[in-house]
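Residue-level structural notes
The chain contents come next:
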Amino acid sequence: MKRAARAALASMAAGAISVAGITPVQAEPTPTPLQVRLEFIRGPGAEDCPDEPFLRAESARAMGGVDPYDAEAPFTMTASIERRHGKLAASLFLRDGDGHGRWADGFSARDDCKVLVTAMAVSIALLLDDAAELPAPPAAPARPAEQTMPPEEPCSPERPCPPKPAPAPPSPPRTASPVRAPLRSSAVLRAPAERFRWVAGLGAVAGLGLTPGIAAGPALSAGARWPAWSVVLEVRGLAALSGNVDAVAMSVSTLTTNVVFCLDRRSLFACGLAELGVRHAVAAVPFNTTSRLNLRAGFGARAGIEWPLSDNLSARAHADVVHPVAAGAILRQPGDPEPERPVWSAPAVAVAIGVGLQASF
């Protein structure tokens with residue numbers, strides 16, 4: 001934009017000079033952008049981000065086609081990008097030939113690598129477009145001019161040599177200059193730091209092996225979440241969709257409480273769970289079929305994925321596999337002393353699929 005404004009002003013001035021017939025005085029040349037040597041580093045978690053040629057091309061495009069990078073330049077621009085706490089973090093650092101820090105900047109984003117690298121290129125272009133705004137390097141102390149001394153006469157017994165002065169104490173080690181603050185205010189997208197949060201969720205679950213046939217119903221959860229793991233207490237009530245069990249009209253439902261411990265990594269999570277609940281079967285005909293509560297318990301695993309919708313709300317989907325250790329069965333004659341075949345027995349493995357929303361506070 002600066003170059004376009006300068007070009008427009010120059011065209012207007014040239015037209016005015018030609019009309020007035022004034023011989024123009026040669027103006028000073030427009031200062032060229034500062035060139036730097038580029039070091040681009042893609043750290044852990046950023047291996048799939050755009051590479052160095054992309055950053056070079058975006059910088060040149062932001063500067064109107066001027067390539068700001070030169071392998072022999074005295075200044076070095078180090079651009080790095082890596083994933084920290086589930087977010088992409090980018091940093092820029094400019095140092096002079098002596099290794100002194102001259103400028104720094106930083107950005108962060110959730111997942112879009114391309115946008116983040118483009119923002120880095122624009123920030124570099126804004127800095128290098130006007131080299132006059134870059135703070136000058138610290139001037140080296142001037143060396144005193146050597147004074148011309150008259151030649152000394154050689155020492156002799158009649159003329160002894162004067163005593164030599166004691167050596168000067170060593171100078172303290174020099175410390176590196178502090179990194180200067182950014183010259184311009186860049187658009188920095190700062191992600192909130194990871195912290196402890198309370199969480200609550202609402203969803204729907206469908207399961208197989210918990211009741212005769214497929215069962216479905218709502219689920220409620222509440223718990224706590226840290227940056228890398230979480231613990232949740234979940235309550236869900238499911239009802240069998242089928243109204244017949246072994247040719248007997250029967251309604252079956254189950255109420256289950258799960259304690260779920262999860263390890264969270266980016267958008268994925270893996271969990272272990274323990275469940276405890278009851279199964280309720282009510283028969284219509286015949287009247288002597290069991291209608292009592294059966295205790296059920298088990299342990300298993302959960303795996304799922306999470307999609308952030310905002311800073312405090314996310315959508316989640318998961319799948320459970322549970323092995324029952326106390327499953328119970330539905331009997332036709334629960335009080336009959338003679339062994340009988342159950343109307344329904346729980347399988348060795350029960351599975352469930354759930355979707356829902358989770359809010360954090």
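All of the points below concern the structure found in this document. What you see is a predicted model; the values in this text were computed from it and never measured. (Residues numbered from 1 in each chain as written. Predicted model: local features only at pLDDT ≥ 70, side-chain atom pairs only at ≥ 80, totals over all residues. Heavy atoms only, no water.)

Looking at the pattern of salt bridges
Spelled out, the test is: Only one rule defines a salt bridge in this text: a Lys or Arg side-chain nitrogen within 4 Å of an Asp or Glu carboxyl oxygen. Helix and strand labels come from DSSP, where a helix needs a run of H or I of at least four residues and a strand needs a run of E of at least two; each type is numbered from the N terminus. Relative accessibility decides the category of a residue: with a 1.4 Å probe and only protein chains considered, values under 20% of the type maximum give buried, values over 50% give exposed, and everything between is partly exposed.
Counting across every chain of the model gives 15 salt bridges. We note a salt bridge from Arg-302 to Asp-320, for which the minimum N-O separation is 2.7 Å. Residue Arg-302 is located in strand 11 (residues 293–308), and its partner Asp-320 is located in strand 12 (residues 313–326); the two are separated by 18 residues in the primary sequence. In this structure Arg-302 comes out as buried when scored by relative accessible area, which is 8%. Judged by its relative accessible area of 2%, Asp-320 is buried. If you follow the salt bridges from partner to partner, you end up with Glu-234, Arg-236, Glu-275, Arg-296, Arg-302 and Asp-320 in one network.

Let's talk about helix 3 (residues 113–128)
Heads up, the condition is: Here the expected length of a helix is defined as 1.5 Å per residue gap, with one fewer gap than residues. We call two residues contacting when some pair of their heavy atoms lies within 4.5 Å. Any N or O atom pair separated by 3.5 Å or less is treated as a polar contact, with the protein-specific requirement of one donor-capable and one acceptor-capable atom, and with residues adjacent in sequence counted only for side-chain atom pairs.
The end-to-end C-alpha separation of helix 3 is 23 Å, in line with the 22 Å expected for 16 residues at 1.5 Å each. When we look at burial in helix 3, the residues that qualify are Cys-113, Leu-116, Val-117, Met-120, Ala-121, Ser-123, Ile-124, Ala-125, Leu-127 and Leu-128. For helix 3, the elements touching its buried residues are strand 1 (36–42), helix 2 (52–62), strand 2 (75–84), strand 3 (87–95) and strand 4 (101–109). Between the side-chain oxygen at the start of helix 3 and the backbone nitrogen of Lys-114 there is a gap of 3.3 Å, and the oxygen is on Asp-112.

Description of helix 2
For the α-helix, the turn length of 3.6 residues means that residues three or four positions removed from each other point alike. The set of residues buried in helix 2 consists of Leu-55, Glu-58, Ser-59 and Ala-60. Here the buried face of helix 2 lies against strand 1, strand 2 and helix 3. Once helix 2 finishes, Gly-64 follows within two positions and takes phi at roughly 75°, a positive value.

Structural notes on the nonpolar core
Filter applied, for reference: Here, the term nonpolar core denotes a set of buried Ala, Val, Leu, Ile, Met, Phe, Trp, Tyr and Cys residues that are joined through side-chain atoms within 4.5 Å.
Of all hydrophobic cores here, the largest spans 29 residues; its most connected members are Val-36, Leu-55, Met-77, Ile-81, Leu-92 and Met-120. The set of elements that each furnish at least two residues to this core consists of strand 1, strand 2, strand 3, strand 4 and helix 3. Broken down by element, the residue count for this core peaks at nine residues, all from helix 3. Here Val-36 is in contact with Pro-68, Tyr-69, Asp-70, Ala-73, Phe-75, Met-77, Leu-94 and Leu-128, once residues within four sequence places are set aside.

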